[in-house]
Amino acid sequence: MSVTQRILRIVEPAIFQWRWVTLAVLLAITAVLGWQASKLEPNAGWLKMVPQEHQYMETFLEHYDEFGGANRVLVALRNKEGDIYQPEFMEKLRKLTDEVFFIPGVQRERVSSLFTPNILYVEVQPTGLSGSTVVPADYEPTPEMMEQLRSNVSKANVVGRLVSDDQRSAMVVSELLDFDPVTGESVDYTEVGERLEAIRAQFEDENTTVHIIGFAKIVDDMTDASTEVVAFFAITLVMTGLLLWFYVGSFLLGMLPLVCSVAAVVWEMGLLHTVGFGLDPFAILVPFLVLAVSVSHGVQYVNGWAAEVASGLSSYRASLATFRRLAIPGTIALITDTAGFLTIYLINIDVIREMSLNAAFGIAAIIVTNKALMPILLTVTPIRDPQAFQRKQEQRNAYGDAVWRFIAKHFTRTPAALATLFVGLLVLGWSLWMYPALQIGTVGEGVPELRPDSRFNQDARFIGNNFGLGLDQLNIIAETEADACIDYELMSEVDRFAWHMKNLPEVRETMTLMDLSKLAYAGLSEGRLNAHVVPRNRYALAQATALVPTTSGMLNTDCSALNIFLFTRDHDATSIKTVVNAVKEYKAEEQGTDRIDFQLASGNVGVMAATNEVVESKEIEIVLWVYVVVLAFLWLSFRTISGVLCVAIPLSLVSISAYGVMAWLGIGMKVATLPVIALAVGIGVDYGIYIYSQFADGIRRGLSMEEAYYQTLRKTGKAVVFTGIALGLGVSTWLFSKLQFQADMGIMLVYMFTANMFGAILVLPALARFLAHEERKHAGQDLMAGAGDAENAPDSSQGRN
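Thresholds, definitions, all that
Residues numbered from 1 in each chain as written. Predicted model: local features only at pLDDT ≥ 70, side-chain atom pairs only at ≥ 80, totals over all residues. Heavy atoms only, no water. Helix = DSSP H or I, 4+ residues; strand = E, 2+ residues; numbered from the N terminus. Contact = heavy atoms within 4.5 Å. Areas by Shrake-Rupley, 256 points an atom, 1.4 Å probe, with all protein chains shown as cover. Buried < 20%, exposed > 50% of the residue type's maximum accessible area, 1.4 Å probe, protein only. Pairing = 2+ DSSP bridges. Axes fitted to C-alpha atoms, helices over the stretch in contact; angles between N-to-C directions. Parallel < 35°, antiparallel > 145°, perpendicular 65-115°, else oblique. Nonpolar A, V, L, I, M, F, W, Y, C, P; charged D, E, K, R; others polar. Patch = residues over 30% accessible without salt bridge, like charges linked within 9 Å, V, L, I, M, F, W, Y side chains within 5 Å. Salt bridge = Lys/Arg side-chain N within 4 Å of Asp/Glu carboxyl O. Lys, Arg positive; Asp, Glu negative; His and termini not counted. Charge placed at Lys NZ, Arg CZ, Asp CG, Glu CD. Expected span 1.5 Å × (residues − 1). Arc of directions from axis to C-beta. Phe/Tyr/Trp six-rings, centres within 6.5 Å; stacked < 30°, edge-to-face > 60°. Left-handed = near helix turned anticlockwise from the far one by under 90°. Disulfide = S-S within 2.5 Å. 1 Å grid on protein atoms, 1.4 Å probe; cavity = no way out; pocket = protein on both sides within 12 Å on 5 of 7 lines; lining within 4 Å. Points joined across faces, edges and corners; volume = space filled by probe spheres on them. Core = buried A, V, L, I, M, F, W, Y, C linked by side-chain atoms within 4.5 Å. Polar contact = N/O pair within 3.5 Å; in protein donor to acceptor, adjacent residues only side chain to side chain.

Peer 1: Quick question: what am I supposed to make of the overall build of the protein chain here?
Peer 2: Looking only at helices and strands, the protein chain has 25 helices and 9 strands in total. Within the protein chain, contacts between residues separated by at least 24 positions form 80% of all contacts whose residues are at least 6 apart in sequence. A total of about 31800 Å² of accessible surface is found on the protein chain, and carbon and sulfur atoms cover 59% of it.

Encoded structure:
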């Protein structure tokens, strides 16, 4: 007895003999998991996007309590009618500061605006040094006070930071905690985003505009756009259902794969909530992927069942015969998918790991719904007029016969096979030539999650064009000795490092403790221009640095760590890499003293730098691991080198060419796109295993290569072509999404679905022309063969129509 026979002997009774009990159990499980799925909520987290074990992030987390993180929210208020020194405008700014201050989760001691007490100015008077808050305690919105504010702002070194260069806009800077200090629960970014939008609505009018940027606002915008994701899913369901109806020729049969696919998605989401996860906006790919893989397998099963019925079998016996023929190759394909999806868990970024587990849950659900639920439902699917059904199926099969015969006749012969492989080599060469142009990380302006013309990216451009600081901030932590603030050698080294970084074209502005301390020292020295330096005298240095409080985020309590702010012109991957390399080169050259160590990195650009490095280091490794798993399972499936190569080579060609397509279209390799190539391999594996198993079976039965492939295309190939077209059309709706990363994923999935289809239909037989002769030598070792002919299967009175 073969291995296949043993496996089928174990699982067949539960699916066919005890099918009503099994059906009841499956429906009960679906109801429970559906209830669990209904409780699934969005679960976006800033730290989930961070590779927490990366060296940069270790520095970031070590100093998180002292210097905060990179989760800032910037709210800019612009006066359309003049400068900011208008009573009405300043009153709006005061109220805006209060509104931001009281947003749940805001770290209130780090809120900064002209109205917060941590913004000071210092000036020299004939009677000595004086200074105060920019907005005095006796503030009243009067014209006289406006002139005083104008003077104070000019002395406080806040132009470019809290006041725009043209002094028509002012900003409130805040930072979010990961946990609400009042409730102790994780900060709800959607709630914060809604609060920010309420603030925009409150303060924006015909004279004033409001511009808001920050991670919380990104999440809120993505969550708002997720409602259209539901619409896309519904459109995909309807479109796929109509195509299935057209393809199968029966509304009931067309709905069965769709029903089982929806059940698989319900199981996936229910399992996700059961184990304690939420649905991250970046994981919206997974339900579509589960639907796609499930439809792919469902179409194969219904297609096979219809062919068996057309040959004269009852619904029960047709389902049994189809199960025996497709259950093992289909299950192996799905196990291969699951193992491949789990390999992306190697990337130590929580959002990707959640996506990996989510996809694995979905594929596990497909194994149950497609290999158990589908066969059970088909055993009771009524065929009212078997003869009419047979005639209809024969007519439908005849539609594509000319095409299948043409493909089988030409692509299994040497001239066309060589031409196909030559085209494949050209595609491979082009892809390898384009690969160096593939950027790791973000490409272009604005945040990559949203469209360039989105409100968020318009706000980001406004703040970047009008302020010296923006969302793009790289923080370097200067780790040194305690009481470094009174050590001239250490402070001058910090100043020298900041000057070096400020001269990089990619850096817009820098800000350090010494910038403010030099202002203070100049003030203490009667405003002399030559006093705008780091004082050598330790007592003078102590007096100058003491005026900068620890709440500024520039130094810790004992001055053993200093926070150096670099505001970059953008967060383009190339710019980030240039700045990071400049910091590393500065450290490697050992300029200055070795008593201070400039550690990368904090700030949102620091997080991007760490993420980019992780993606770059893991990108090839992950794909290689996926293929190691795929090759292992292909070997278990076919036990022939030819079988492995005929499936794996088209699959790998599509994966490699996907990199070329990304480089050509300007799509960067980042957290959102990295899993797509690994996950989409699953569809290609399904195509290849189904086609090659049928093809090899025909060759082993003594058919010519042309006839074996013709029969394969009639039975399995047409289902592959249908699946590729249907899934490509379904995912193409993503191209209209408000989310840029979803549109990018849609482009890549459309390409990979269709390219894998062409690879399986055209490249696979071309390879088999030179490799598949091995199949004739293994006629008795085919693990993919059925356990027995359905005509000899024991009858069942329960299974007769």
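Peer 1: For this particular structure, what's the right way to read the pairing of strand β6 (residues 473-479)?
Peer 2: Every regular strand shows the same layout, with side chains that alternate between the two sheet faces. Across the 7 residues of β6, 6 count as buried, placing the element largely inside the fold. Relative to strand β8 (residues 561-568), β6 is paired through 7 bridges, and the arrangement is antiparallel. Bridge pairing in β8 links Ile476 to Ile564. Sheet analysis places β6 next to strand β9 (residues 597-602), joined by 5 bridges and oriented antiparallel. What sits directly across from Asn475, in β9, is Ser602.

Peer 1: Teacher, can you tell me more about the packing of helix α11 (residues 315-343) against helix α12 (residues 350-379) here?
Peer 2: Across the interface, α11 lies against α12 with an axial gap of 9 Å and an inter-helix angle of 180°. Taken together, the axes of α11 and α12 are roughly antiparallel relative to one another. Of the residues contributing to the contact of α11 with α12, the split by class is 16 nonpolar, 7 polar and 2 charged.

Peer 1: I tried to follow a nonpolar patch on the surface on my own but got confused; where do I start?
Peer 2: Together, Trp430, Trp433, Trp664, Leu665, Leu735, Phe736 and Ile747 line one region of the surface with nonpolar side chains, adding up to about 820 Å² of accessible area. Elements that contribute at least two residues to the nonpolar patch include exactly α15 (414-434) and α22 (641-665). Along the chain, the position of Phe736 falls in the loop between α24 (705-731) and α25 (740-771).

Peer 1: So what exactly am I meant to see when it comes to unusual backbone geometry here?
Peer 2: The phi torsion of most residues other than glycine is negative, and most of the peptide bonds are trans. Phi angles above zero are rare outside glycine, and Gln167 is one such case at about 60°. Summarising the element assignment, Gln167 is placed in the loop between α6 (143-155) and β4 (169-175). A positive phi angle, near 60°, is found at Asp483, a position not held by glycine.

Peer 1: I tried to follow a negative patch on the surface on my own but got confused; where do I start?
Peer 2: Residues Glu53, Glu58, Glu62, Glu66, Asp483 and Asp558 make up a contiguous surface patch of negative charge. With respect to the element layout, Glu58 can be found in helix α3 (residues 55-62).

Peer 1: Which parts of the structure should I look at to understand helix α2 (residues 19-38)?
Peer 2: For an α-helix the count is 3.6 residues per turn, leaving residues at separations of three or four pointing the same way. Taking 1.5 Å of rise per residue, 20 residues should cover 28 Å, and α2 covers 28 Å from first to last C-alpha, within 8% of that figure. Those residues of α2 that sit buried are Arg19, Thr22, Leu23, Leu26, Leu33, Gln36 and Ala37. Along the axis of α2, the buried positions cluster into a sector of 145°, meaning they face one direction only. Set apart from the buried face of α2 by more than 90 degrees, the exposed residues are Val21, Leu27, Ala31, Trp35 and Ser38.

Peer 1: I tried to follow the packing of aromatic side chains on my own but got confused; where do I start?
Peer 2: The relative placement of two aromatic rings is captured by the distance of their centres and the angle of their planes. In the structure shown here, the tally under the stated rule is 13 aromatic pairs. A centroid spacing of 5.1 Å and a plane angle of 75° characterise the contact between Phe497 and Tyr586, whose relative ring orientation is edge-to-face. In this pair, Phe497 sits in helix α17 (residues 488-502) while Tyr586 sits in helix α20 (residues 573-588), placing the two residues 89 residues apart along the sequence. Side by side, Phe497 and Tyr586 carry an identical accessibility label, which is buried. Residues Tyr586 and Phe598 carry aromatic rings whose centres are separated by 5.9 Å and whose planes lie at 80° to one another, so their mutual orientation is edge-to-face. Taken as a pair, Tyr586 in helix α20 and Phe598 in strand β9 lie far apart in primary sequence, 12 residues in all.

Peer 1: In this structure, what is going on with the packing of helix α21 (residues 603-638) against α22? I would like to understand it.
Peer 2: Packed helices, taken two at a time, are described by the angle between their axes plus the distance between the axes. At a closest axis distance of 9 Å, the pairing of α21 and α22 adopts a crossing angle of 155°. With respect to α22, the axis of α21 lies roughly antiparallel. Note on packing geometry: the crossing formed by α21 with α22 is right-handed. Contact residues: Glu619, Val623, Tyr627, Val630, Leu631, Leu634, Trp635 and Phe638 in α21; Ile641, Gly643, Val644, Val647, Ala648, Leu651, Ser652, Ser655 and Tyr659 in α22. Here the contact of α21 with α22 is composed, by residue class, of 13 nonpolar, 3 polar and 1 charged.

Peer 1: How should I be thinking about the state of the cysteines in this particular structure?
Peer 2: Put plainly, two cysteines are in a disulfide when a covalent bond ties their sulfur atoms together. In the structure shown here, the tally under the stated rule is 1 disulfide. Between the sulfur of Cys485 and that of Cys559 lies a disulfide, 1.6 Å long from S to S. As the torsion about the S-S bond is roughly 80°, the Cys485-Cys559 disulfide counts as right-handed. Placement of the pair is Cys485 in the loop between β6 and α17 and Cys559 in the loop between α19 (538-545) and β8, with a sequence separation of 74 residues. Classification of Cys559 by relative accessible area gives buried; the value is 5%.

Peer 1: Quick question: what am I supposed to make of the sheet that holds strand β5 (residues 208-214) here?
Peer 2: Remark on secondary structure: sheet strands pair via backbone hydrogen bonds, oriented parallel or antiparallel. Read across the open sheet, the 3 strands follow the order β4-β1-β5; overall the sheet is antiparallel. Taken across any chain shown, the strands that pair with only one partner, and hence form the sheet edges, are β4 and β5. Within this sheet the neighbouring strands show an average axis-to-axis angle of 15°, counted without direction. As defined by bridge partners, strand β1 (residues 72-79) adjoins β4 across 7 bridges and the pair is classed as antiparallel.

Peer 1: When you look at empty space enclosed by the protein in this model, what are you seeing that I'm missing?
Peer 2: Here the idea is plain: a probe the size of a water molecule rolls over the atoms and shows the empty space left. According to the stated counting rule, one finds 7 cavities of 30 Å³ or more in the structure shown. Residue lining of the second largest cavity: Cys646, Val647, Pro650, Leu651, Val654, Gly684, Gly688, Ala755, Asn756, Gly759, Ala760 and Leu764, and that is the complete set. The set of elements that each furnish at least two residues to the lining of the second largest cavity consists of α22, α23 (674-700) and α25. Residue composition of the lining of the second largest cavity, by class: 8 nonpolar, 4 polar and no charged.

Peer 1: Sorry if this is basic, but what is going on with the nonpolar core here?
Peer 2: Note on soluble globular proteins: their nonpolar side chains tend to be buried together. In terms of nonpolar packing, the biggest core is built from 190 residues, with Met90, Leu93, Leu96, Leu114, Trp305 and Met669 touching the most fellow members. Dropping the residues within four chain positions of it, Leu93 is found in contact with Leu77, Leu114, Phe115, Ala170 and Val172.

Peer 1: Any chance you could explain the sheet that holds β6 here in plain terms?
Peer 2: A sheet is described by the order of its strands in space; here 4 strands give the open sequence β7-β8-β6-β9, paired in antiparallel fashion. Each edge of the sheet is formed by a strand with only one pairing partner; in this case those strands are β7 (507-511) and β9. With direction set aside, neighbouring strand axes in the sheet form an average angle of 25°. Sheet contacts for α21: β6, β8 and β9; angle to β6, the most-contacted strand, approximately 90°.

Peer 1: How do you make sense of the pattern of salt bridges when you look at a structure like this?
Peer 2: Once their charged atoms are close, side chains differing in charge can pair, the charge on each being opposite to the other. Evaluated as defined, the whole model comprises 27 salt bridges. With its nearest N and O atoms 3.1 Å apart, the salt bridge here joins Arg200 to Glu197. You can see Arg200 and its partner Glu197 sitting in helix α7 (residues 189-203), 3 residues apart, about one turn around the helix. When its relative accessible area of 5% is taken as the criterion, Arg200 is described as buried. Salt-bridge contacts for Arg413 lead to Glu706; the nearest nitrogen and oxygen are separated by 2.9 Å. One end of the pair, Arg413, is in the loop between α14 (401-411) and α15; the other, Glu706, is in helix α24, and 293 residues separate them in sequence. Exposure remark for Arg413: the relative accessible area of 40% places this residue in the partly exposed category. One network of salt bridges, with partners in common, ties together Glu197, Arg200, Glu204, Lys217, Asp220, Asp221, Arg455 and Asp459.

Peer 1: Can you walk me through the side chain of Lys217 in this structure?
Peer 2: Relative to the helices and strands, Lys217 resides in helix α8 (residues 215-248). A distance of 2.5 Å separates a polar atom in the side chain of Lys217 from a polar atom in the side chain of Asp221. If near-sequence neighbours (up to four positions away) are discounted, Lys217 is found in contact with Gly193, Leu196, Glu197, Arg200, Ile212 and Phe456.

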